[in-house]
Amino acid sequence: MTTATGNAGWTTAAILVGRLIFALVFIMAVSFKLMDIGGTATYIAGAGFPFPTLLAWLAALLELALVACFLTGAYFSEAALVAAAYVLFLAFAFHGPSHWAGNQAEFGFFIDHFTFAAGLLFAAAHGPGRVLAIKKEWLLRR
């Protein structure tokens, strides 16, 4: 994609920075989980989910896979769609309307998840860019 003047340098940089931001958010999330998987499991149990330790580990594995996709560009659009669904699930499960009465800040956390999901959907639609991105076709030929 180029601008009217033919200079696409800023768009390439913006795509790379966006991919890095997505990866960093999930790196932080998985790091906190791995530093205290028991605390994560307790938080999950507090939301009423069964098998909280298993779910904590599954969330960490999903987040690691998302990081790999965002950093490499491999399966980027698919990963961004999965991430958007995951982020919206987290919004409702941990910050949804039932949490607002007890803490109005939860509404802000809820809305933040939607803005993040919107960015992920936009990224999914436009792909990883052409620079520093492993193409799915290349992976499938191996």
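The model shown is predicted, which means the values in this text are computed figures rather than measured ones.

1. Some words on the side chain of Thr40
In step 1: Among the structural elements, Thr40 can be located in helix 2 (residues 37-46).
In step 2: Since its relative accessible area comes to 16%, Thr40 is described here as buried.
In step 3: The residues contacting Thr40, other than those within four sequence positions of it, are Phe32, Lys33 and Ala56.

2. Focus: the packing of helix 4 (residues 76-95) against helix 6 (residues 105-126)
In step 1: Packing of helix 4 against helix 6 brings their axes to within 8 Å, and their N-to-C directions diverge by 170°. When the axes of helix 4 and helix 6 are compared, the pair comes out roughly antiparallel.
In step 2: In terms of residue class, the contact of helix 4 with helix 6 is built from 20 nonpolar, three polar and one charged.

3. Quick look at the packing of aromatic side chains
In step 1: Considering all chains together, one arrives at 13 aromatic pairs under this definition.
In step 2: Between Phe22 and Phe116, the ring centres sit 5.7 Å apart and the planes meet at 50°, which makes this aromatic pair tilted. Taken together, the residues span a long stretch of sequence, with Phe22 in helix 1 (residues 9-35) and Phe116 in helix 6 at a distance of 94 residues. One exposure class covers both Phe22 and Phe116, and it is buried.
In step 3: Between Phe26 and Phe116, the aromatic rings sit 5.8 Å apart at their centres with planes inclined by 35°, giving tilted as the arrangement. Here Phe26 is found in helix 1, whereas its partner Phe116 is found in helix 6, with 90 residues between them in sequence.
In step 4: Taken together through their ring pairs, the aromatic side chains of Phe22, Phe26, Phe70, Phe76 and Phe116 make up a single cluster.

4. A short note on unusual backbone geometry
In step 1: Notably, Phe51 is not glycine yet its phi reads approximately 50°, a positive angle.
In step 2: Relative to the elements of secondary structure, Phe51 occurs in the loop between helix 2 and helix 3 (52-72).
In step 3: In this model, Tyr75 sits at a positive phi of 55°, which is unusual for a non-glycine residue.
In step 4: Residue placement: Tyr75 occurs in the loop between helix 3 and helix 4.
In step 5: The class of Tyr75 is partly exposed, set by a relative accessible area of 32%.

Criteria and cut-off values
Residues numbered from 1 in each chain as written. Predicted model: local features only at pLDDT ≥ 70, side-chain atom pairs only at ≥ 80, totals over all residues. Heavy atoms only, no water. Helix = DSSP H or I, 4+ residues; strand = E, 2+ residues; numbered from the N terminus. Buried < 20%, exposed > 50% of the residue type's maximum accessible area, 1.4 Å probe, protein only. Contact = heavy atoms within 4.5 Å. Axes fitted to C-alpha atoms, helices over the stretch in contact; angles between N-to-C directions. Parallel < 35°, antiparallel > 145°, perpendicular 65-115°, else oblique. Nonpolar A, V, L, I, M, F, W, Y, C, P; charged D, E, K, R; others polar. Phe/Tyr/Trp six-rings, centres within 6.5 Å; stacked < 30°, edge-to-face > 60°.

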